[in-house]
Amino acid sequence: SPTSQNAQTLLLPPSLDPLPGATNSATLIIAGSGTPGTILILYVNEGETQKLTIPTDGRFSIPSVKILEGTNTISAKITDEKQNTSELSNVLAITSKRTPPSLELTSPSSNTTINGDKNTVDVVGKTEQDTIISINDRFAVVSADGSFRYPYQLAEGDNILKIAATDAAGNQTVIERRVTYQK
């Protein structure tokens, strides 16, 4: 029986380093490891975007990989000079969001004065889902519909409230309100 001279070599798939779940950048640095001397084929959203030879230490880093606004998938394969190709690497998903989150405040209005024994003001408003709200670095609970209410304790005199909405990609919207408290 004739023996095949074209025996295929088993190539192990490359391993991609983890990425954050979200970014506000249009480009990423993709790093990982694979078999030295083989050719890495990088895919963004299942389209081939780049090829490079994996260095002798087995580590690679690809700067300025372009991604689209929205959800993106990143994966890779390796191939050798005999056209043997590995299975697909681990698939990374990352969301690119470049617009700041919405932030509406219904209370307090700016330049509000609070008198009497109650030295708190309710900070009330609405933002997008999966957004963190902070009032002077104190975190408010955001409901599933994006609404929030936080009883903020005031010091006597002028108080500047910095209300910040920050999304998972790091985009931020900030509104400031001046509230005066007099006993």
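Bear in mind the structure is a predicted one, so any value in this text is a computation, not a measurement.

### Structural notes on the environment of E46
Here comes step 1: Mapped onto the secondary structure, E46 falls in the loop between β4 (39–44) and β5 (47–53).
Here comes step 2: On the basis of relative accessibility, which here comes to 73%, the residue E46 falls in the exposed class.
Here comes step 3: For the pair E46 and T73, spaced 27 residues apart in sequence, the C-alpha to C-alpha distance is 7.2 Å.

### Details of the side chain of N159
Here comes step 1: One can find N159 in strand β15 (residues 157–167).
Here comes step 2: Given the relative accessible area of 9%, N159 is considered buried.
Here comes step 3: Of the polar contacts made by the side chain of N159, one reaches the backbone oxygen of G157; its length is 3.1 Å.
Here comes step 4: Beyond its immediate sequence surroundings of up to four residues, N159 is in contact with L154, R177, R178, V179 and Y181.

### Notes on unusual backbone geometry
Here comes step 1: The omega torsion across S107 and P108 is -5°, close enough to zero to call that bond cis.
Here comes step 2: Following the sequence through the fold, P108 ends up in the loop between β9 (103–107) and β10 (112–115).
Here comes step 3: Located in the positive-phi region is D137, a residue other than glycine, with phi close to 70°.
Here comes step 4: In this structure, D137 sits in the loop between β12 (131–135) and β13 (138–140).

### Quick look at the packing of aromatic side chains
Here comes step 1: The full count for this structure, using the stated rule, is 1 aromatic pair.
Here comes step 2: Summarising the aromatic geometry, the rings of Y150 and Y152 are spaced 6.5 Å apart at their centres and angled 45° between planes, so their arrangement reads as tilted. This pair shows no difference in class: Y150 is buried, exactly as Y152 is.

### Quick look at the environment of T71
Here comes step 1: Its location among the elements puts T71 in strand β7 (residues 70–79).
Here comes step 2: Spatially, the C-alpha atoms of T71 and D117 are 50 Å apart, while their sequence positions differ by 46 residues.
Here comes step 3: The contact partners of T71, leaving out residues within four places of it in the chain, are N45, I94 and T95.

### Remarks on the sheet that holds strand β16 (residues 172–182)
Here comes step 1: Within the open sheet, the 5 strands sit side by side as β10-β16-β15-β12-β13. Their pairing is mixed. Two strands bound the open sheet, and with one partner strand each, they are β10 and β13. Shown here is a sheet whose adjacent strand axes are inclined to one another by a mean of 30°, direction ignored.
Here comes step 2: Bridge analysis of β10 against β16 gives 4 bridges, and the strand direction is parallel. Bridge assignment links N115 to a residue of β16, and that residue is Q182.

### A few points about the nonpolar core
Considering soluble globular proteins, one finds that nonpolar side chains tend to be buried as a cluster.
Here comes step 1: Residues V123, I133, I135, Y152, L161 and I163 are the most contacted members of the largest nonpolar core, which totals 18 residues.
Here comes step 2: Elements represented by at least two residues in this core include exactly β9, β11 (120–127), β12, β14 (147–153), β15 and β16.
Here comes step 3: When residues no more than four places from it in sequence are discounted, the contact partners of I163 are L103, L105, V123, I133, S134, I135, F148, T173, V174, I175 and R177.
Here comes step 4: Counting 17 residues, the second-largest nonpolar core is a separate cluster that includes L11, F60, V65 and I94.

Each value, and the rule that gives it
- Just so you know, the residues in each chain are numbered from 1, in the order the chain's sequence is written.
- Totals for whole chains, interfaces and linings use every residue, but because this is a predicted model, local features are given only for residues with pLDDT of at least 70 and side-chain atom pairs only at 80 or more, for both listing and counting.
- Values reported for side chains reflect all heavy atoms of the structure, with hydrogen atoms and water molecules removed beforehand.
- Runs of H or I in DSSP of at least four residues are treated as helices and runs of E of at least two as strands, each being numbered from the N terminus.
- Whether a residue is buried, partly exposed or exposed follows from its accessible area with a 1.4 Å probe, protein chains only, as a fraction of its type maximum: under 20%, in between, or over 50%, in that order.
- Any pair of nitrogen or oxygen atoms within 3.5 Å is treated as a polar contact; in protein, a donor-acceptor pairing is required on top of that, and neighbouring residues in sequence qualify only through side-chain atoms on both sides.
- Contacts between residues were defined by any pair of non-hydrogen atoms, one from each residue, lying within 4.5 Å.
- Stacked, edge-to-face and tilted labels apply to pairs of Phe, Tyr and Trp rings (six-membered ring for Trp) whose centres lie within 6.5 Å, assigned for plane angles under 30 degrees, over 60, and everything in between, in that order.
- We treat two strands as partners when DSSP finds at least two bridges between them.
- For helices, the axis comes from a line fit to the C-alpha atoms of the stretch in contact; other axes are also lines fit to C-alpha atoms, and the angle between any two N-to-C directions lies between 0 and 180 degrees.
- Residue types Ala, Val, Leu, Ile, Met, Phe, Trp, Tyr and Cys, when buried and joined through side-chain atoms within 4.5 Å, form a set referred to as a nonpolar core.

None of this, on its own, says anything about what the molecule does.
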